[in-house]
Amino acid sequence: MASEVFVRGMLFLFLTVVGIPGNATVIVAFLLLLYQEKRLLAADAILLHLACVNLLVVVVRALTETLASFRLADIFGDTGCKSVIFIYRATRGLSIWLTFLLSTYQCLSIAPPGSSWASVRALLGHYLAFVFLFLWVLNACMTTAAILFSFSTKNETSPIDNGINVQFCYLNFPSKLSRDANGAIQVGRDVVPMALMTLASLIILVFLYKHSQQVKGLRSSGGGGAGNSGAEQRAAKAVVALVTLYVVFYGADNGLWVYTLTVKKTMSSSLISDLRLFFGSLYAALSPLVIIASNRKVNSRLGCVAHEKSAVEKIKNLSSM
């Protein structure tokens, strides 16, 4: 096995080992919350949906790349390439838009009760299922090029001019114009929510700063702190952390993607595409760690599970005496 392929396999193995248990833990915690309380708040539903989509990203891309790199499974035939690239690109785009949806909803949550923005938030929460459906359809429609132009490298012996090398697969576009047009669509799909969620995060940060100044003023004058908004502040900080992760990782991903589009010939090495895939999957693998660390509902459900396990073990130990 070439050292380059081995390093590639180890990087994707890291994403698999971190991303699958992390996202699965978040999903289980919110399902327990749903079972216990019979409902989920809109922000919790978005986080649950985000964890499910991120789990798909890690399984479909990181896990398959790990298996293929270490030759544990023969996945990337023509059908495998079309399926993996389509599902990865659709779920990757959906992960981005769900993060934007989460930041927007959290930004609306700081609006004063009774304001028009508070009404927009209530409307968004009421029709959340339709928003999810729209985002699925939108990202699936914007990923049709993966089905039309991807094929296995095993079936290609001659060099191609308008392709993109992704190690086990090629994306072979019929012309430079179609390749650039598809690239522009992919960049636009990422940059638009990136700009909007950055704006939403800045609004949240300004609100948190003003709120902290108000609390300091109340404490200095001997008044009580505003404890009611503690949960909302923690949620807002968590959303800002998720958006920061997104901007860093997907910013690197899109920068490498733009560089790929500027290369006239198909690159013989898949290094740039490998780095893109790594950064594009890194958010899906690490974001559940931020959710677990910052979300008290997730922590409490995990704590209950751990407490129940320890209680069962104690009972078993007592019964064996």
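The shown structure was predicted, so the numbers you read here are calculated from the model rather than taken from an experiment.

Colleague: Which residues make up the overall build of the chain, and what values do they have?
Modeller: Helices and strands together make up the secondary structure of the chain, namely 10 helices and 3 strands. Counted from the first residue to the last, the chain has its helices and strands arranged as α-α-α-α-α-α-β-β-β-α-α-α-α. Of all 321 residues assigned to the chain, the portion counted as buried reaches 45%. Look at the contacts in the chain between residues 6 or more apart in sequence, and 78% of them connect residues 24 or more apart. Accessible surface computed for the chain: about 16000 Å², of which carbon and sulfur atoms make up 69%.

Colleague: Before we move on, could you go through the confidence of the model for the chain and cite the residues and values that matter?
Modeller: A residue-level look at the chain finds 81% of positions with pLDDT of 70 or above and a mean pLDDT of 79. When the criterion is pLDDT under 50, residues 224-228 qualifies, and its contacts beyond four places in sequence or with other chains add up to 2 contacts.

Colleague: Can you tell me about empty space enclosed by the protein, naming the residues and giving the values?
Modeller: Summed over the entire model, instances satisfying the criterion amount to 2 cavities of 30 Å³ or more. Volume-wise, the largest cavity comes out at about 160 Å³. Of all the secondary-structure elements, those providing two or more residues to the lining of the largest cavity are α3 (78-109), α7 (176-220), α8 (230-262) and α9 (271-294). Counting residues per element, the lining of the largest cavity draws most heavily on α3, which supplies 4 residues.

Colleague: Give a detailed account of the nonpolar core, specifying residues and quantitative values.
Modeller: Core analysis: the largest hydrophobic core is formed by 76 residues, its most contacted members being Phe30, Leu98, Leu101 and Tyr283. Contact partners of Leu101, with chain neighbours within four places excluded, come to Ile46, Leu124, Leu128, Val131, Phe132 and Leu135.

Colleague: Tell me about helix α2 (residues 42-69), and please be specific about residues and values.
Modeller: Helical periodicity: at 3.6 residues per turn, an α-helix aligns residues three or four positions apart in one direction. Across its 28 residues, α2 extends 40 Å between first and last C-alpha, which sits within 8% of the 40 Å expected from 1.5 Å per residue. At Val59, α2 shows its strongest bend, of approximately 25 degrees. Of all the 28 residues making up α2, 22 are buried; the element is thus mostly covered by neighbouring parts of the structure. Positive backbone phi, at 55 degrees, marks Arg71, one or two positions downstream of α2.

Colleague: Which residues make up the packing of α2 against helix α5 (residues 128-141), and what values do they have?
Modeller: Packing of α2 against α5 leaves a shortest axis separation of 11 Å and a crossing angle of 25 degrees. The orientation of α2 relative to α5 falls into the category roughly parallel. Along this stretch, α2 crosses α5, giving a crossing that reads as right-handed. Taken together, the residues of α5 that come into contact with α2 (itself represented by Ala42, Ala45, Ile46, His49, Val53 and Leu56) are Leu128, Phe132 and Trp136. Residues belonging to the contact of α2 with α5 are distributed by class as follows: 8 nonpolar, 1 polar and no charged.

Colleague: Tell me what's going on with unusual backbone geometry, and back it up with residues and numbers.
Modeller: Of note, the phi angle at Lys38 is positive, near 65 degrees, even though the residue is not glycine. Along the chain, Lys38 falls in the loop between α1 (3-37) and α2. Note on Lys38: relative accessible area 64%, which makes it exposed. The backbone phi angle of Arg71 is positive, close to 55 degrees, even though this residue is not glycine. Topologically, Arg71 is positioned in the loop between α2 and α3. A relative accessible area of 70% means that Arg71 is categorised as exposed.

Colleague: Please set out the environment of Gln186 residue by residue, giving values where relevant.
Modeller: Its place among the elements puts Gln186 in helix α7. For Gln186 and Trp257, which are 71 residues apart along the polypeptide, the C-alpha to C-alpha distance reads 9.1 Å. Setting aside residues no more than four positions away along its own chain, Gln186 makes contact with Arg89, Met142, Asn254 and Trp257.

Colleague: Give a detailed account of the packing of aromatic side chains, specifying residues and quantitative values.
Modeller: Two aromatic rings, taken as a pair, are described by how far apart their centres are and by the angle between their planes. Overall, the coordinates contain 4 aromatic pairs when judged by the stated rule. With a centroid separation of 6.0 Å and 80 degrees between ring planes, the pair formed by Phe6 and Phe70 is classed as edge-to-face. Separated by 64 residues along the polypeptide, Phe6 in helix α1 and Phe70 in the loop between α2 and α3 bring together distant segments of the chain. Ring geometry for Trp97 and Phe100: centres 5.6 Å apart, planes at 85 degrees, overall edge-to-face. Residue Trp97 and its partner Phe100 are both found in helix α3; the two are separated by 3 residues, about one turn of the helix. With respect to class, Trp97 is no different from Phe100; both count as buried. The positively charged end of Lys38 is found above the aromatic ring belonging to Tyr35, 5.0 Å away from the centroid.

Reading the values: the criteria
Residues numbered from 1 in each chain as written. Predicted model: local features only at pLDDT ≥ 70, side-chain atom pairs only at ≥ 80, totals over all residues. Heavy atoms only, no water. Helix = DSSP H or I, 4+ residues; strand = E, 2+ residues; numbered from the N terminus. Buried < 20%, exposed > 50% of the residue type's maximum accessible area, 1.4 Å probe, protein only. Contact = heavy atoms within 4.5 Å. Areas by Shrake-Rupley, 256 points an atom, 1.4 Å probe, with all protein chains shown as cover. pLDDT = per-residue confidence, 0-100. 1 Å grid on protein atoms, 1.4 Å probe; cavity = no way out; pocket = protein on both sides within 12 Å on 5 of 7 lines; lining within 4 Å. Points joined across faces, edges and corners; volume = space filled by probe spheres on them. Core = buried A, V, L, I, M, F, W, Y, C linked by side-chain atoms within 4.5 Å. Expected span 1.5 Å × (residues − 1). Bend = angle between axes of the 7 residues up to and from the residue. Axes fitted to C-alpha atoms, helices over the stretch in contact; angles between N-to-C directions. Parallel < 35°, antiparallel > 145°, perpendicular 65-115°, else oblique. Left-handed = near helix turned anticlockwise from the far one by under 90°. Nonpolar A, V, L, I, M, F, W, Y, C, P; charged D, E, K, R; others polar. Phe/Tyr/Trp six-rings, centres within 6.5 Å; stacked < 30°, edge-to-face > 60°. Lys NZ or Arg CZ within 6 Å of the ring centre and 35° of its normal.

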